[in-house]
Structures are given as structure tokens and as C-alpha cells.
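For reference, the chains in residue letters:
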Amino acid sequence: MRDFGIALLASLGVVAQLAVVGLLIAALAAAVSPAARRAIAPAAATLGEWGAWMAAGVAAVAVAGSLWFSNDAGFIPCHLCWLQREVMYPLAFLLVAVAIVRRWWLTLAAAVLPLIGAGISARHVWVEAHPDDESAACRVGVPCSVKWIDEFGYITIPVLAGTAFVLVALLLVASGLVQRRQGAPR
Amino acid sequence: MNLSPYPAPGERWSRLVARRMIDHHRPILLAWGAALIALLAVGVPRFGDQGMSLGDLAPAGAPEIATEMDAVRLFRVPLNARSQVVRRNPAGLRVSTIEGDLQGAYSYSRIAQDPRRRGDIALALPYSNVSRLFPASRETSTTTIVNLVGRPEAGLRAREAAAGTYADRMRDVPDGRVSRTGGIPAQLASGRIIADHLHTLEIASVAVLVLITAVWFRSVAVPLVVVAAIGVTTLLLMHVLALASRWLGVAVPSEVLPVVTVVAIGVVTDYALFTLSAWSAHATTRDARTAALSAVAETLPTVAAAAFTTGIGVASLLLADMGFIRAFAPALIAAVAVAGVVAMALVPCLVALCGDRVLWPRRVARADPMAGGVLRSSTLGVLRRRRAVVRTLVAAVLVGLVTCAGFVRAAPGGFNVVTDLPPDSEVARGATDAAEAFAAGILSPTLLVVDGSGLDDEEAGLVRLTREIERIPGVAGVLGPGSLRAGLERAGLGDAVTRLEDELATPADAEPATGRAGAGPRSASDVLAGVSRGVLVTRDGHHARLVVVLDREAYTGAAADTARRLRAELPAAVERAGLEGARVRVAGDSALVARVVDGLDRDLVRILLVLVPLQLGVLTVFLRDLLMSALIVALSVLTTAAALGAAALYDVTAGPGDGLVFFLPVAAAVLLLSIGVDYGVLVGRAALAARARGARGDALAAEVVATAGPTVAVVGVVLAATFATLALVPLDSFRQFAVVMSGGALVDTLLVRPLIMPMLLTLRGERHAG
């Protein structure tokens, strides 16, 4: 069961990374090519409509995943894990509010939160790769450099968290920009 | 058109005072001059360079101190000291060196007991990582640490000097590096570093102020007025502090002085710039004297309200339980009061004296009434055309601030007296050597005193307790009964001890387990147990002690966290160890740091519970607008929390991870909150004036940005630069303080006051309009 859960979450992480790449390619294509812009218009409209909900869904899955890691899989959260949780947990609730209110400027502004979280995840990934750079706070209790999971040769827990943060931020930015173009209420 | 940043006309009293001051500026300046000459003739007071000790900070009757004293009484030999000499050779010390160091300490202690040759050190207690026998050893036979236990009557400097002499004697044997380290040398080294950098700090902050004001006003005279105000404030403040120190019988700690000086310089500069900015704006449409009258009349209430709210802010420190925090209050109140008096009674006279030459060598551009108008119209344009973009920016900044504020508890508070020092200092080198050879907490371990009965027969239970404690995260090793056997096992001699036990063992009924004298041949276990008797277990068996070495430097916030965890988990550990009816008390510097920091946290809550409503009340009276006052205070609280949260986040992710220095949350909260309210007053007055002229919504926001924005921005940059100079003191605590205060001031003055606050005010305007 534990192995299955880890594999499932890691696979979801890969899917999320593909979504990030897809969003970035689509944004780049739309920026340089009117034809591409026309082609992705229906998808963009959907994103404008549902992007904030999608981001909330990603955050909810990330929250559920982190709770499963600590409560069922028995992985003790380290100091940096807790900091990422401090961002992700309120984010899941905040994004539901953002999706309900549906103001494009609020959707864009909400992207600041996952960007801060992504910064912490990036630092955590760095610490995993360079244990000597671990701050002293990370050496008390469970070291931050411990890799509880290592799937596909690169998927660790902070990589999953970072992926979720980046995907949420991209969804919010894309959704906010599309809402603005659609003339969503200010 | 009135382009003053203070469009509200001055109060009646302020117009009256302004007229008197401007009319009589020469006699007033002469009086100031005479007073200054008298003060200079008396001389500039100097203050001590002795830093604070943890003992100075601890609340009276702290159980940790009582337990430590009790342990000395019960066991006679103290196992921790606050002054050490460390010898380390990473390649390994010669056996003769280790023997010499151990023998030297033994001889020194014997001589120290001789009443005719009593020195400042009562006992030299050595330990070494020979064969990793000592708990928490990380290396083998590389290091000797000699704990130097001072006599209670000896002063800190005397103990430090004695440690220096001891270190010099150890250096006679050229093997490895010998360093003097520990809490006492660290405290004294901090004090000396601060005292050595005080003048540099003053010069640097003045240089920064001169540069910024000269560039901003494109004038030489403005910086001269500011420098004169700073000079008078500093001189006056030193005398006020000396007087207060004499009257109240309280010393000014060296850690307090730089902060107080910088606060005084920053505050007087801010208030002087309020007046100078106002004069500069008025002078474009009026003659110099009328401009001075208008500027002074308009800024006097603002400066008075700002000084009053800041004074209330720093006075709130008196509510603290911690004596150290209370000690900050009189000095800071004096700093704000002196700065306020100078800004209100000296700066206006200097402006009147300078007349048209205030902007020298630049001439006042009398036909330049559009300077503020351009900013107003462009702001209005941006607000109308790019309203949603501005809203996005405002919301993004607010989300960022709230997120950062969420991390305010991410880093624990610590005393950090050793880790504070530059890494190349002797004290820091010694601590690093000790941490490499053992664990970082070796220099000041946590002490556990177990109270019970029959503990001399409970070695197995005490060993189990030792194992339980060793399992707690953050604990590197425990010295207790049974540690010697564990050390021998670590050294690979476990089998030999077991064989020896088997060979020597006699039936239990024939050989009392206590192994008392006269009981015939003893087993190896008894021999090992006998080593701890008296030192770790009292001979009556009622008390035992365990020495817990933490894996972090003892004074840091991380070590304090471990001490808290230890305290919380001890009852369960005692139960699991099967020590029925035993009770454990905790002592040591990490536990004491935890107590001090927890006390400061409670103080901070108490201060904020009084300060925030008080500032809200004062602002409401001053601005006569509850909602605006609430907005000003709420944004100040948010900015302060965000600055502290960002610092905590940096410390635990990319910084050293030792935690924030203990005084930072309280000092930064009170100062940033008060200063933020100052700027809020300026913006609030501009908003009220704009509203009185009928401006609403975007027009109101544009008016506020155009009138108050530039002044707030320049005073914020000046204040941030002043606080940034604290980073010149090469102590981590001062760098943390500099970053938090500068960052907080910049965010407050460049984003929150000129952008967020006007935008939030426009929302209110819209609601009213709607």
C-alpha cells in the first residue's frame, strides 16, 4: 500500500510537471503566433473559467499527499517540510475563495503565495542535493537532506511540493490574464 | 495652489508657536548654542563596554539557576563552566600533550584550593575525546577542553584574564591550536566589539544621511541642517542618559547604546525632513519667511503626534516582565523625547535662519508650482487607466506581506552570544574546535538533576534514562552513570570489560552491589559504578545528575528548542526508565535561554495588547477618523510581522539557522510599529486634507500620493539607511537587526504608505460614493 501510494503521488507529480511544461509552451506559442492563439482559445477560455478551481484542486491534492506521507507512510516532516506546509495548507483554502470571488486581479495577486512556497521548495531540493549546505535549524530532528522517497531518479517530496507550487502559480497567472481579457468583473 | 505635503492648515496652537519661533529664532539659537557649549565643557559621557550576560536577562528566581546552585551544593564539583580553554589538533594530539593538559588542570585545581594562593579560578576541570570515551565525542584524541570554574566573587573580566593566563600556559606546549572560549569571554568580546564600532557607526550613519538628503534636495544646506540636528541630539542624549543612569542607578548596557543612538539619529532626521520638505514645497509659492511659518505651523502637530505615538510605543516596553527589556525603555524614551525637542525647537529656527539659503546652492524655483502637480496628474492617470493593474499590485503586496508574516514563528529566539561573534575571533574559533571534536553544545551542556531515593542502587534505571534522553532529537550525548561503560564500548573495549566482569564476578549475595570499602574484591561493574559515585550520584543516593550535550551551540534558539523538548519529554522518559517516584529538574544555559525567550514572547504579547489599542486611540484623537486610524495601525502591524517573518524564513532556510537574536522581535515590533504609525500620520493627514478639499476615490489617492508620497519615501530611505549602518558592527545580532529594520522601513515607506494605504482609502471612498 505504501509503495503504491508513493508511486501514485510521484506519477501525479510527473503529470503536473508535464502540465507545467504544456502551459509554458502554450503561453510562449500564444505570445508569438496569432494562429496558436486562435488554436488554444477554447482551452484558454476554459482556463479563465476554471483555472482558479484547478489551482485549488492541485493545492488540495498536495495537502492530502503531504498528510498521507506523514500520517500513513510514516515520513516525519523536516523543518523545511513544515515551512512548505505552512504555505500550502492556507493556499488550498484561499484558492477556493479566489475561485468563488473570481476577480482577475485577485487571481493574479494570489500567485504570490505559491511563488514563495516554490522558493522554499527550491531551497529544499538544493539541500537534498547538497547536505553540507543544510542550515543548522535543519540539523535538529529529522535532517532536511533526508530523501524519504526517490522515484524515477529525481522525484522527492520537495520536488513534488515545488511542482505543485509552480503549477498553482502558473494556473493562477494564466487564469487571471485570460479573465482580464474576457472582461471579468473588476 | 498649495503644494505642501501638509495641505491641512496648521492647528491654532501650532501657528502661534511657529510665529513665536520664527520671530525669535536668533535668541532661541543663541540659547541652544550656550547650552551646547556648556554640555561640551562638561565633556561627552562614556558608557561601559561590558555586554549582557544570560544571568542578567534571566528572571529572578528562575528554576534553572536554583537547580544549578543546588547541584553545586549537592555534588560539590560543578560540571559546567562559562569559560573554557580548548586545545585541538585535527591530526591528533600527542599522548604526552593530553596527559600534560589533564595533569596541569589537576595541579591547578589543587593549588586553587590553597587559601594562600586563591586566584579567580576555583577549579580547572578537563575532559578529552581520547578514544571517544567522553559522550558526544566526534573525533578521536584530537581535543582537550579545560572548564575553568570561576570563584563567585570574581568579576567577569578577572575570570576572562585568568582564562587568558591559563591558555598562555597551555600554549607553552606547541601542539594544535589553543583558544579561550565560552559564554563569559564571548559576552566580553561582544561588548568590546560594540564599543569599538560605536564611533564608526555614528560617522557612517551621518555620512549616509548627508548623502541621501544632499541628493534628494540637490542642496548642501539641507544636509547641514540635518547634521546640526543630529549632532545636538546625540550630545544632548548622551548627557540625558548619563543623568538618568546616575539618578536611577541603572547601567546602560553596551547592546542598548548603538540601538538608542541610531533610533535618535533616525527619528530626528525624519522629523527634520518633515519640516524641510514642507518648507521646500511652500517656498515655491511664498517668500522664505512665510514658507517657514507655514511649514512649521503645519509640521509641528505632525511631529508632536509622531513623537508622542513613538514615545508611547517605546514606553510600552516598561510593561515587560524582563528587566532587560524594561531597561531599554528609559533610554529609548529619552532618545525619542530629545529627538522630538530638537526637531520642534531647533530645526524651525535653523530653517528661519537660513531663509532662502535652505536649498543652497540651488535657488528656490518660485515658478515651479507644477512639481507636485505632475505627480498628482500622472498618479491620477495611472489610477484611472491602469486601475486594475494597481489593484493587482496592491493585492499581490498584501498577499506577500501576509505570507511573510505567517513565518514570524519559523525561527526560534536565541541568545546567540557565541555564534554572534566573527568566525575569526578567538572565542568563535575555540567554539568551532570544540564543536568539531565533540558536539556544538559541549561548552555549556544542559544539566539534569534527578531527585529520588536509593538512586545509588538504581544504576540500571539511570542508564535506561540516559538512553531515553539520548533518543530525543537534538541531543548529541549524555554523561551519566553508565557512560564510562558506554564509552569503553564505543572505543571497542566492550568485550574486554565483559570478560573482566566474568572473571572477577562473585555471587551477588557475597559481594554487595554497592561495592563499599571492606567488601573484598569488586566486580568491574562496581569499579565503573564507583567512578560515578559522588560525582554523578550523591553518596546518600537521593540525587543523581546527568550532563546532556546538545548538538547545537548552547545559547542558540535551536538549542533552546531542544531544551524545551527535553523538558516536555522528561516525565515520560523517567517513567519508561522505571525510576518510580523520581523527579527531574533541568538546569543549564540552553534551558535558561528557553525561559528568557518564552518570557520575552509573553512580554511581546502583553506589550502589543496595550500598545496597539493605545496607538489606535491616540491616532483617532489626532486624526478624528477611526477607520483611517485602524488602517494605519493594521498596516503597521502587518509590515512589522512581515519583516520579522521574512528574517525568520531566511534564517531557517538559507541563513545560519541559529534563530533570531532574543531582543529582535520585541525591539523591532515596537520600533517598526511606532515608526510605521509616524508615516501613517503623515499620509493620514494628507488624506484628510484632500478629503476636506472634496477629493474622493482616485482623486483622493492621487492627492495623497502626490503630497505625502515623496516625503514618506525620502524619510523612509533615510531611516532604512540609518538602520542599515548597524550592520557595520560585525555581530550577527546587529546584522539581523539592521536587515529587519531597514527592510521593514523600506517596505513601509515605499510600498505600504504611498501605495497600499491610499488605494485602500479609495475603496472606502468608492463605498461611500456607492
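Quick caveat: nothing in here was measured; it's all calculated off a predicted structure.

Some details on the overall build of chain A
Then step 1. From N to C terminus, chain A includes seven helices and zero strands.
Then step 2. Taken from the N to the C terminus, the helices and strands of chain A come in the order α-α-α-α-α-α-α.
Then step 3. A compact globule built from 186 residues should have a C-alpha radius of gyration of about 16 Å, and chain A, at 17 Å, falls within 12% of that.
Then step 4. Overall, chain A is about 50 × 35 × 30 Å in size when its C-alpha atoms are taken along their principal axes.
Then step 5. Nonlocal contacts in chain A, meaning residues at least 24 apart in sequence, comprise 79% of its contacts between residues at least 6 apart.

Thoughts on the overall build of chain B
Then step 1. A tally of regular secondary structure across chain B gives 25 helices and ten strands.
Then step 2. For chain B, the residues scored as buried account for 56% of the 770 residues in total.
Then step 3. Taking as baseline every contact in chain B between residues at least 6 positions apart, the subset at least 24 positions apart corresponds to 83%.

A few points about the sheet that holds strand S4 (residues 177-181) of chain B
Residue and element names in this part refer to chain B.
Then step 1. Strand order in the open sheet formed by four strands is S2-S3-S1-S4, with antiparallel pairing between adjacent strands. The sheet is open, and its two edges are formed by strand S2 (121-128) and S4, each paired on a single side. The sheet shows a mean angle of 15° between the axes of neighbouring strands, direction not considered.
Then step 2. Here strand S1 (residues 84-88) runs beside strand S3 (residues 143-150); their pairing, made up of five bridges, is antiparallel. What sits directly across from Val 85, in S3, is Val 146.

Looking at helix H16 (residues 459-470) of chain B
Every α-helix carries 3.6 residues per turn, so stepping three or four residues along brings you back to the same face.
All names here are of chain B.
Then step 1. Helix length check: H16, at twelve residues, gives a terminal C-alpha distance of 16 Å against a target of 16 Å (1.5 Å per residue), a fit within 8%.
Then step 2. Where H16 is concerned, the buried positions are Glu 459, Gly 461, Leu 462, Leu 465, Thr 466 and Ile 469. An end-on view of H16 places all buried positions within 160° of arc, on one side of the element.

Regarding the pairing of S1 of chain B
Then step 1. Burial runs high along S1 of chain B: five of the five residues are buried.
Then step 2. Alternating positions in S1 of chain B separate into two faces, Gln 84, Val 86 and Arg 88 of chain B on one and Val 85 and Arg 87 of chain B on the other, with burial throughout.

Here's the deal with the interface of chain A and chain B
Then step 1. Listed per partner, the contact involves 23 residues of chain A and 26 residues of chain B.
Then step 2. Elements supplying a minimum of two residues to the side of chain A that touches chain B: helix H4 (79-101), helix H5 (104-109) and helix H6 (112-129) of chain A.
Then step 3. Taken together, the residues of the side of chain A that touches chain B sort by class into 16 nonpolar, three polar and four charged.

With respect to the environment of His 24 of chain B
Then step 1. Note that His 24 of chain B resides in the loop between helix H1 (12-23) and helix H2 (25-42).
Then step 2. Taking the C-alpha atoms as reference points, His 24 of chain B and Ala 204 of chain B, separated by 180 residues in sequence, lie 34 Å from one another.

Topic: the packing of H6 of chain A against helix H7 (residues 157-182) of chain A
Residues and elements named next belong to chain A.
Then step 1. Relative to each other, H6 and H7 sit at 155°, their axes nearing to 8 Å. By the angle class used here, H6 and H7 are roughly antiparallel. Two packed elements cross with a definite hand, and for H6 against H7 that hand is left-handed. Every residue of H7 that contacts H6 at Pro 114, Leu 115, Gly 117, Ala 118, Ser 121, Ala 122, His 124, Val 125 and Glu 128 is listed here: Pro 158, Val 159, Ala 161, Gly 162, Phe 165, Val 166, Val 168 and Ala 169.
Then step 2. In terms of residue class, the contact of H6 with H7 is built from twelve nonpolar, four polar and one charged.

Let's talk about helix H15 (residues 426-437) of chain B
All names here are of chain B.
Then step 1. In this model, H15 (twelve residues) spans 17 Å end to end at C-alpha, consistent with the 16 Å of a helix rising 1.5 Å per residue.
Then step 2. Inspection of H15 places Val 427, Arg 429, Gly 430, Ala 431, Asp 433, Ala 434, Ala 435 and Ala 437 among the buried residues, and these make up the whole buried set.
Then step 3. The inward-facing, buried residues of H15 abut S1, S3, S4 and helix H7 (183-217).

Structural notes on unusual backbone geometry
Negative phi values dominate among residues other than glycine, just as trans dominates among peptide bonds.
Then step 1. A cis amide bond links Trp 360 of chain B with the next residue in sequence, Pro 361 of chain B, at an omega value of 5°.
Then step 2. Summarising the element assignment, Pro 361 of chain B is placed in the loop between helix H12 (347-354) and helix H13 (370-385).
Then step 3. Although it is not a glycine, Phe 152 of chain A sits at a positive phi angle of roughly 55°.
Then step 4. Mapping Phe 152 of chain A onto the fold places it in the loop between H6 and H7.
Then step 5. Note on Phe 152 of chain A: 11 C-beta atoms within 10 Å, which makes it exposed.
Then step 6. Positive phi values are uncommon outside glycine, yet Asn 416 of chain B reaches one of about 50°.

Remarks on the sheet that holds strand S6 (residues 446-451) of chain B
Residue and element names in this part refer to chain B.
Then step 1. The strand order across the open sheet formed by four strands is S7-S8-S6-S9, and the pairing between neighbours is antiparallel. Each having just a single partner strand, strand S7 (475-479) and strand S9 (583-587) make up the two edges of the open sheet. Neighbour to neighbour, the strand axes of the sheet diverge by 25° on average, direction disregarded.
Then step 2. With six bridges joining them, S6 and strand S8 (residues 543-550) adopt antiparallel strand pairing.

Considering the pairing of S4 of chain B
Residue and element names in this part refer to chain B.
Then step 1. Within S4, four of the five residues are buried, leaving the element largely enclosed by the surrounding structure.
Then step 2. Pairing analysis gives five bridges linking S1 to S4, with the strands arranged antiparallel. Bridging from a neighbouring strand, Val 86 pairs with Ser 179 of S4.

Let's talk about the nonpolar core
Then step 1. Membership of the largest hydrophobic core comes to 321 residues, with the highest contact counts inside it found for Val 168 of chain A together with Val 225, Ala 229, Val 268 and Ala 335 of chain B.
Then step 2. Looking at this core, the element that brings in the most residues is helix H23 (residues 664-692) of chain B, giving 19 residues.
Then step 3. In this structure, Val 168 of chain A is in contact with Ala 55, Val 58, Ala 59, Leu 91 and Pro 114 of chain A, ignoring residues within four places of it in sequence.

Focus: the confidence of the model for chain B
All names here are of chain B.
Then step 1. Of the residues in chain B, 87% reach a pLDDT of 70 or more, and the chain-wide mean stands at 83.
Then step 2. With pLDDT under 50 throughout, residues 1-9 is counted as low confidence; its partners more than four residues away or in other chains account for 32 contacts.
Then step 3. The low-confidence segment residues 506-521 (pLDDT under 50) makes 15 contacts with residues lying over four places distant or belonging to another chain.
Then step 4. Taken over the whole predicted complex, pTM reads 0.80, whereas the ipTM for its chain interfaces reads 0.79.

A short note on the packing of helix H6 (residues 156-171) of chain B against H7 of chain B
Residue and element names in this part refer to chain B.
Then step 1. Interhelical geometry of H6 versus H7 gives an angle of 115° and a closest axis separation of 10 Å. Here H6 is positioned roughly perpendicular relative to H7, judged by the angle of their axes. By crossing handedness, the relation of H6 to H7 is classed as left-handed. Each of Leu 156, Arg 157, Arg 159, Glu 160 and Ala 163 in H6 lies in contact with H7, whose residues at this interface are Ile 184, Pro 185 and Leu 188.
Then step 2. Considering only residue class, the contact of H6 with H7 consists of five nonpolar, no polar and three charged.

Overview of the environment of Ala 27 of chain A
Then step 1. Position of Ala 27 of chain A relative to the elements: it lies in helix H1 (residues 2-32).
Then step 2. Separated by 94 residues in sequence, Ala 27 of chain A and Ser 121 of chain A place their C-alpha atoms 24 Å apart.

Considerations on the environment of Gly 231 of chain B
All names here are of chain B.
Then step 1. In this structure, Gly 231 sits in helix H8 (residues 221-248).
Then step 2. Take Gly 231: there are 16 C-beta atoms within 10 Å of it, and that puts it in the partly exposed class.
Then step 3. For the pair formed by Gly 231 and Val 206, sequence separation is 25 residues and the distance between their alpha carbons is 9.2 Å.

Criteria and cut-off values
Residues numbered from 1 in each chain as written. Chains lettered and ligands numbered in written order. Predicted model: local features only at pLDDT ≥ 70, side-chain atom pairs only at ≥ 80, totals over all residues. Helix = DSSP H or I, 4+ residues; strand = E, 2+ residues; numbered from the N terminus. Rg over C-alpha atoms; globule rule 2.2 N^0.38 Å. Contact = placed C-beta atoms within 7 Å. Buried ≥ 20, exposed ≤ 12 C-beta atoms within 10 Å, placed from the backbone. Pairing = 2+ DSSP bridges. Axes fitted to C-alpha atoms, helices over the stretch in contact; angles between N-to-C directions. Expected span 1.5 Å × (residues − 1). Arc of directions from axis to C-beta. Nonpolar A, V, L, I, M, F, W, Y, C, P; charged D, E, K, R; others polar. Parallel < 35°, antiparallel > 145°, perpendicular 65-115°, else oblique. Left-handed = near helix turned anticlockwise from the far one by under 90°. Core = buried A, V, L, I, M, F, W, Y, C linked by C-beta atoms within 7 Å. pLDDT = per-residue confidence, 0-100.

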